[in-house]
Amino acid sequence: MEQTMFEPVYRDIFPFWTEISQSDRDFICQNSYALTYPKGTNLHNGNECSGLIFVCSGSLRLSMMSEEGKDITLYRLHKGDMCMLSASCVLQTITFDVLVDAEENSECYVISGSAFAEVSARNPKIKIFALETAVSRFSDVMWVMQQILFMSMDKRLAIFLTDETARTKSDTVTLTHEQIARYMGSAREVVSRMLKYFANEGIVDVSRGGVKILDKKRLRQLTL
C-alpha cells in the first residue's frame, strides 16, 4: 500500500530516487505517512526532528520566535513544496529553531526523520539533495531579513501585496491586518496605518473582505 501511494510522487520530486537501491526506496516508503493537518496545527516546534514534509495541498508557514514572543515569518510553503528544516536529524548543521504551522487545512506526506537520516547516511546523493534543498530556502530567509532591516514600510507592504496577488491570481488579498503584519514581521497598527495611506491614495480598497488592489501600476512602482 505504502509503495503504491508514495513511490510515484517520490519518483517525481527526488532526483536521486532511481539511483538508490530498491530496498532503500522501500524503506523510505514504509516510513512515510499521509497526514492531514487542520488550520492552526503546529507541525514542528523547533526542538525535535519531525521529518521531511512534502505539501500535497494547503499551506504551511515557517517562522522563528524571539524570547519576547514575537515571531517572524521566514517563508511559506504551498502545494508541491518541501520542508527540510523540520528534519534536524538529517541536517545537523542547522542549529536554529523554526516553527512550522498549517495556515490552511493541509494534506502532507511526511517521511520519518530518523528513517530519512539512515538512508541518507548510506547515500551521499540524498545528503547533497537535503543540503541543496535547505540552502535554496536561505535566499528566501535573507530576502525577509533584507526587507525588515533595510526597506521602508510602504515598499515592504507593496512587495507583499504584489507577491500575494501574483500567487493567488486574484486582485484581492483575503487576509486580516493581523495576518499581514505577522507575515511581514511587523505590528498590526503599522500595517493598518499604511493600508489606510494606500487607500487614501487610491491604490487599494480596504474592507472586511480583505485588501483589493485598485491601481496595480502605482503599487508596482512602490516596489522599485
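How each quantity is defined
- Residues numbered from 1 in each chain as written.
- Predicted model: local features only at pLDDT ≥ 70, side-chain atom pairs only at ≥ 80, totals over all residues.
- Heavy atoms only, no water.
- Helix = DSSP H or I, 4+ residues; strand = E, 2+ residues; numbered from the N terminus.
- Buried < 20%, exposed > 50% of the residue type's maximum accessible area, 1.4 Å probe, protein only.
- Contact = heavy atoms within 4.5 Å.
- Areas by Shrake-Rupley, 256 points an atom, 1.4 Å probe, with all protein chains shown as cover.
- Expected span 1.5 Å × (residues − 1).
- Arc of directions from axis to C-beta.
- Phe/Tyr/Trp six-rings, centres within 6.5 Å; stacked < 30°, edge-to-face > 60°.
- Lys NZ or Arg CZ within 6 Å of the ring centre and 35° of its normal.
- Pairing = 2+ DSSP bridges.
- Core = buried A, V, L, I, M, F, W, Y, C linked by side-chain atoms within 4.5 Å.

Trainee: What is the right way to look at the overall build of the protein in this model?
Mentor: A count of helices and strands for the protein gives eight helices and eleven strands. Seen through its C-alpha atoms, the protein measures out along the principal axes to roughly 65 × 35 × 30 Å. For the protein, with 224 residues in total, the buried portion stands at 46%. Expressed as a percentage of contacts within the protein between residues at least 6 apart in sequence, the contacts between residues at least 24 apart total 69%. Summed over its atoms, the accessible surface of the protein is roughly 11800 Å², and 52% of this surface lies on carbon and sulfur atoms.

Trainee: Help me understand the environment of serine 139, please; the structure alone is not making it clear to me.
Mentor: With respect to the secondary-structure elements, serine 139 resides in helix H4 (residues 124–150). Along the sequence, serine 139 and glutamine 221 sit 82 residues apart, while their C-alpha atoms lie 23 Å from each other.

Trainee: Where do I start with helix H7 (residues 188–200) in this structure?
Mentor: Because an α-helix packs 3.6 residues into every turn, residues spaced three or four apart end up facing the same way. End to end, H7 covers 18 Å across 13 residues, agreeing with the expected 18 Å (1.5 Å per residue, within 8%). When H7 is considered as a whole, its buried residues turn out to be Val191, Ser192, Met194, Leu195 and Phe198. In an axial view of H7, the angular spread of the buried residues amounts to 170 degrees, which keeps them on one side of the axis. Of the exposed residues in H7, those oriented more than 90 degrees away from the buried face are Arg193, Lys196 and Asn200. After H7 finishes, the residue glycine 202 shows a positive phi value of roughly 80 degrees.

Trainee: Could you clarify how one ought to interpret the packing of aromatic side chains in this entry?
Mentor: Each pair of aromatic rings is reported with the distance of its centres and the angle of its planes. In total, this model carries twelve aromatic pairs according to the counting rule given. Between tyrosine 10 and tryptophan 17 the ring centres are 5.5 Å apart and the planes differ by 65 degrees, which places this aromatic pair in the edge-to-face class. A network of ring pairs unites the aromatic residues Phe6, Tyr10, Phe14, Phe16, Trp17, Tyr109, Phe116 and Phe129 as a single cluster. The ring of tyrosine 183 carries the charged tip of arginine 76 above its face, separated from the ring centre by 4.2 Å.

Trainee: Teacher, can you tell me more about the pairing of strand E4 (residues 59–65) here?
Mentor: In regular strands, side chains alternate between the two faces of the sheet. Of all seven residues in E4, five are buried, a share of seventy percent or more. Here seven bridges tie E4 to strand E5 (residues 71–78), and the two strands are oriented antiparallel to one another. The partner of leucine 62 across the bridge, within E5, is tyrosine 75. Between the end of E4 and the start of E5, which pair antiparallel, lie five residues, with glycine 69 showing a positive phi angle near 95 degrees. Sheet analysis places E4 next to strand E7 (residues 99–102), joined by four bridges and oriented antiparallel. Paired with leucine 62 across the bridge in E7 is valine 100.

Trainee: Would you explain the nonpolar core in this entry?
Mentor: Core analysis: the largest hydrophobic core is formed by 37 residues, its most contacted members being Tyr10, Phe14, Phe16, Trp17 and Leu60. Of the residues forming this core, the biggest block, five residues, is contributed by H4. In this structure tryptophan 17 touches Glu7, Tyr10, Arg11, Arg25, Ile28 and Cys29, once residues within four positions along its chain are discounted. Core analysis: the next-biggest nonpolar cluster, separate from the first, contains 20 residues, Val173, Ile180, Ala181 and Val191 among them.

Trainee: Got a minute to help me understand the pairing of strand E10 (residues 204–207) in this structure?
Mentor: As judged from the four bridges shared by E10 and strand E11 (residues 210–213), these two strands associate in the antiparallel manner. Following the sheet pairing, serine 207 is matched in E11 by glycine 210. Hairpin connection, E10 to E11: the antiparallel pair is bridged by two residues.

Trainee: Any chance you could explain the sheet that holds strand E1 (residues 32–37) here in plain terms?
Mentor: Sheets are built from strands that pair by backbone hydrogen bonding, the pairs being arranged parallel or antiparallel. Taken in spatial order, the four strands of this open sheet run E1-E8-E3-E6, and their pairing is antiparallel. Of all the strands in the sheet, just E1 and strand E6 (82–83) have a single pairing partner and so form its edges. Inspection of the sheet shows strand E3 (residues 52–57) paired to E6 by two bridges, in the antiparallel sense. Opposite phenylalanine 54, over in E6, you have methionine 82 as the bridge partner.

Trainee: Help me out: how do you make sense of helix H5 (residues 153–168) in this one?
Mentor: A rise of 1.5 Å per residue sets the reference length of H5, with its 16 residues, at 22 Å; its end C-alpha atoms lie 22 Å apart and thus fit the reference within 8%. All buried positions along H5 are accounted for by Met153, Arg156, Leu157, Ala158, Ile159, Phe160, Leu161, Glu164 and Thr165. Where H5 terminates, the next one or two residues include lysine 169, which has phi positive at roughly 55 degrees.

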